[in-house]
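# Inside the fold
Residue strings, one per chain:
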Amino acid sequence: MALPKVGSIGEYIREQRTHAKISLRQLAAAAGVSNPYLSQIERGLRKPSAEILNQIAKGLHISSQALYVQAGLIEEREPDSDVLTAIRADHLITERQRQVLIDIYESFRKENRAGAPDEDAQTSQKAHPAPEPHGGDVVSSPNDEVPLPEGYLAALRPYAAPAGNGNVTPETKEG
């Protein structure tokens, strides 16, 4: 990845600041830097260190990784998914909430990558789920068969051979 020009990180910070509707003074105070220094960064006259970028990212409530990539300190690993982009763009949640959502989402992605060989079986089960019981009127049956409604079972009971205690069992139900 080619390193961006020094001014591009400043432009990116300015865009993020104006998008977040934060003044230069507010961001400088939140990041713990002086107003002139932040202004010089935004104008491309200064190249901030990773530590300063981290402080600016916190002040902007954005990912420090995004600033590191813009500054050319690290390479972007893989393109963000639409989910990550949406999470990062949502300014109605706090930075901590964003990070928690990102961490959870990334853990799901990592888990799914680790279990990729079983994905076809899981997808098949999701596409054709077994019917769920409806409030107690269905009795489950063995071998993942579709259970019979209780009304049908009640009608079959007089014809089933009792299994010691008089209950219908899978063996007596199948006759």
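Conventions we followed
- Residues numbered from 1 in each chain as written.
- Predicted model: local features only at pLDDT ≥ 70, side-chain atom pairs only at ≥ 80, totals over all residues.
- Heavy atoms only, no water.
- Helix = DSSP H or I, 4+ residues; strand = E, 2+ residues; numbered from the N terminus.
- Buried < 20%, exposed > 50% of the residue type's maximum accessible area, 1.4 Å probe, protein only.
- Contact = heavy atoms within 4.5 Å.
- 1 Å grid on protein atoms, 1.4 Å probe; cavity = no way out; pocket = protein on both sides within 12 Å on 5 of 7 lines; lining within 4 Å.
- Points joined across faces, edges and corners; volume = space filled by probe spheres on them.
- Nonpolar A, V, L, I, M, F, W, Y, C, P; charged D, E, K, R; others polar.
- Domains from an automatic or database assignment.
- pLDDT = per-residue confidence, 0-100.

Naming follows an unreviewed UniProt entry, where the chain appears as Transcriptional regulator, contains XRE-family HTH domain of Streptosporangium canum.

### Concerning the overall build of the chain
Across its full length, the chain carries ten helices and zero strands. Ordered by position in the sequence, the α and β elements of the chain form the string α-α-α-α-α-α-α-α-α-α. Relative to its 175 residues, the chain shows a buried fraction of 23%. Sequence-distant contacts in the chain: of pairs separated by 6 or more residues, those separated by 24 or more amount to 44%.

### Side note on empty space enclosed by the protein
Rolled over the atoms, a probe with the dimensions of a water molecule shows which regions are left empty. What the rule picks out here adds up to one cavity of 30 Å³ or more. Empty space within the largest cavity amounts to approximately 40 Å³. As for the largest cavity, its lining consists of H61, I62, S63, R88, E95, R98, Q99 and I102. In terms of residue count, the dominant contributor to the lining of the largest cavity is helix α7 (residues 95-114) (four residues). Here the lining of the largest cavity is composed, by residue class, of two nonpolar, three polar and three charged. Each of domain 1 (7-70) and domain 2 (77-114) contributes no fewer than three residues to the lining of the largest cavity.

### Topic: unusual backbone geometry
For K21, which is not glycine, the phi dihedral falls at a positive 60°. Even without being a glycine, H61 presents a positive backbone phi close to 60°. With relative accessibility at 40%, the residue H61 sits in the partly exposed group.

### Considerations on the confidence of the model for the chain
Averaged over all residues, the pLDDT of the chain equals 75, while 60% of them reach at least 70. For the chain, per-element mean pLDDT is lowest for helix α8 (residues 119-127), which scores 49, and highest for helix α2 (residues 24-31), which scores 95. Below a pLDDT of 50 lies the segment residues 1-7, which in the model reaches 13 contacts outside its immediate sequence neighbourhood of four places, other chains included.

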